[in-house]
Amino acid sequence: MLKGLTTAGIGDVDSINQFVKLASAHQFDVIDSDGASLDQFIKREGLENAKAFLQDYNIQIGTIGLSVEWRRSEEEFQNGLKQLVIDAEAASSLGCQSCVTYILPSTDLHAAQFMAIATRRLRVCAQILGSYGISLGLEFVGPHHLRTNWKNPFIWNMEQTLDFISAINEQNVGLLVDAYHCYTNRMSFEELTKLNPSQIVHVHINDAKDLPIEQLLDNDRLYPGEGVIDLQGFLKALKKAGYEGPVSQEVLTKQPPEKNPEELLKYSAAAYEKLFKSVGFS
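Residues numbered from 1 in each chain as written. Predicted model: local features only at pLDDT ≥ 70, side-chain atom pairs only at ≥ 80, totals over all residues. Heavy atoms only, no water.

Per an unreviewed UniProt entry, the recorded name for the chain is Sugar phosphate isomerase/epimerase, and the organism is Aquibacillus albus.

Caption draft 1: View of the pattern of salt bridges. Going through the model one piece at a time under the given rule, you end up with 14 salt bridges. Between Glu76 and Arg72 there is a salt bridge, with its nearest N and O atoms 3.1 Å apart. Judged by relative accessible area, Glu76 falls into the partly exposed class, the value being 31%. Residue classification places Arg72 among the exposed positions, given a relative accessible area of 52%. What emerges from the salt-bridge pattern is a single network uniting Glu69, Arg71, Arg72 and Glu76. (Salt bridge = Lys/Arg side-chain N within 4 Å of Asp/Glu carboxyl O. Buried < 20%, exposed > 50% of the residue type's maximum accessible area, 1.4 Å probe, protein only.)

Caption draft 2: Structural context of the UniProt feature "domain: Xylose isomerase-like TIM barrel" (unreviewed entry) in the chain. UniProt tags residues 22-267 as "domain: Xylose isomerase-like TIM barrel" (unreviewed entry). Its end C-alpha atoms 12 Å apart, residues 22-267 is made of 44% helix and 17% strand. (UniProt positions renumbered as here; feature names shortened; annotations may be inferred. Helix = DSSP H or I, 4+ residues; strand = E, 2+ residues; numbered from the N terminus.)

Caption draft 3: Molecular detail of the packing of aromatic side chains. Scanning the entire structure with this criterion turns up eight aromatic pairs. Taking 5.1 Å as the distance between ring centres and 80° as the angle between the ring planes, the aromatic pair formed by Phe28 and Tyr272 counts as edge-to-face. One end of the pair, Phe28, is in the loop between helix H1 (16-25) and strand E2 (30-34); the other, Tyr272, is in helix H11 (residues 261-278), with 244 residues separating them in the sequence. Neither residue differs from the other here; Phe28 and Tyr272 are each classed as buried. On the numbers, 4.9 Å between centres and 50° between planes, the contact of Phe53 with Tyr57 is tilted. (Phe/Tyr/Trp six-rings, centres within 6.5 Å; stacked < 30°, edge-to-face > 60°.)

Caption draft 4: Layout of the nonpolar core. Among the nonpolar cores identified, the biggest contains 81 residues, and Leu66, Leu136, Leu138, Leu192, Phe234, Leu235 and Leu238 are the most heavily contacted of them. Top contributing element to this core by residue count: helix H5 (residues 111-130), with seven residues. When near neighbours in sequence (up to four residues on either side) are disregarded, Leu66 contacts Leu84, Cys99, Val100, Thr101, Leu122, Cys125 and Leu136. (Core = buried A, V, L, I, M, F, W, Y, C linked by side-chain atoms within 4.5 Å. Contact = heavy atoms within 4.5 Å.)

Caption draft 5: Up close: helix H10 (residues 231-241). Among the residues of H10, Leu231, Gly233, Phe234, Leu235, Ala237, Leu238 and Ala241 are the ones counted as buried. Positive backbone phi, approximately 100°, marks Gly242, located one or two places after H10.

Caption draft 6: Expanded view of helix H3 (residues 47-56). Those residues of H3 not exposed but buried are Ala50, Phe53 and Leu54. When H3 is viewed along its axis, its buried side chains cluster within an angular range of 95° and face the same direction. With respect to the buried face of H3, the exposed residues turned more than 90 degrees away are Glu48, Gln55 and Asp56. The secondary structure elements touched by the buried residues of H3 are H1, helix H2 (35-45) and strand E3 (60-65). Immediately downstream of H3, the backbone of Asn58 shows phi near 55°, a positive value. (Arc of directions from axis to C-beta.)

Caption draft 7: Region of interest: the sheet that holds strand E6 (residues 135-140). Reading around the circumference, E1-E2-E3-E4-E6-E8-E9-E10 is the order of the eight strands in this closed barrel, with parallel pairing throughout. Along the sheet, successive strands turn relative to each other by an average axial angle of 30°, direction set aside. Where E6 meets strand E8 (residues 173-178), four bridges bridge the pair, whose relative direction is parallel. Counterpart to Leu136 in the pairing with E8 is Val173. (Pairing = 2+ DSSP bridges. Axes fitted to C-alpha atoms, helices over the stretch in contact; angles between N-to-C directions.)

Caption draft 8: Looking closely at the environment of Asp14. Counting through the fold element by element, Asp14 comes out in the loop between strand E1 (2-5) and H1. At a separation of 3.3 Å, a polar atom in the side chain of Asp14 contacts the side chain of Ser15. (Polar contact = N/O pair within 3.5 Å; in protein donor to acceptor, adjacent residues only side chain to side chain.)

Caption draft 9: Summary view of the pairing of E3. Inspection of the sheet shows E2 paired to E3 by four bridges, in the parallel sense. Its bridge partner being in E3, Val30 is matched across the sheet by Gln60. Inspection of the sheet shows E3 paired to strand E4 (residues 98-103) by two bridges, in the parallel sense. Of the residues in E4, the one forming a bridge with Ile64 is Cys99. Note on the crossover from E3 through helix H4 (residues 74-93) to E4: the handedness is right-handed. (Right-handed = clockwise from strand over helix to strand, strands pointing away.)

Caption draft 10: Broad picture of the environment of Ala118. Following the sequence through the fold, Ala118 ends up in helix H5. Distance in space between the C-alpha atoms of Ala118 and Ile134 is 19 Å, their sequence separation being 16 residues.

Okay, here's the thing in structure tokens:
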């Protein structure tokens, strides 16, 4: 598996160039980004220089976020598709093969109506991404407070998300598996081992406070190794399923981190080294 980073939990990083340098200095393999930033990076550096920069620092682009607003109005969705093409072209040109989005576990729309809309829209997104050789990862969101934040319950666990993926019916759609969401769903690791590698597009890792699961908030996470999630079991289950891709730290917090990126990356790198060593990964 590859050690990865999102920008969540590493402080204020002002450019991809700085992000790449910091990640490389602390022995990470992958950074997650967004398509617009990659497009700007390519325009600023030139494509060949941008690719050489990543190669020089031995860093890959793990995934980009889906920029299309697929949860709200049809107009917003349609207007976002042009940017998706730009994002996909930029990501693909730098060797990135995945794009991810999250599914909120409740909605103000009637659930059946929203399912029909979301299935159609994400199918369109998957088809555009697929033309660039990019997979789409869907992240189920587990924290209980979000299940009732809007009027009607929607999707919040892996089984439901796999059914959703089947309905979308595109070969390049799979899961983004997040340790926090698995924990807040009380998932067994056995469920993860039953997946096949093609079903896992990307992975997020983080930790949870020692609170009743029903009280855990989505934006109040801990760094790997600080909390109560069995992250060794989580990684071993993914390995048993055959997953060998990025495992990217995503630590959402109520307030921005007070420490600077250098300190946070050093701390995160030590946590990864300890965790990966404990499960026999290099």
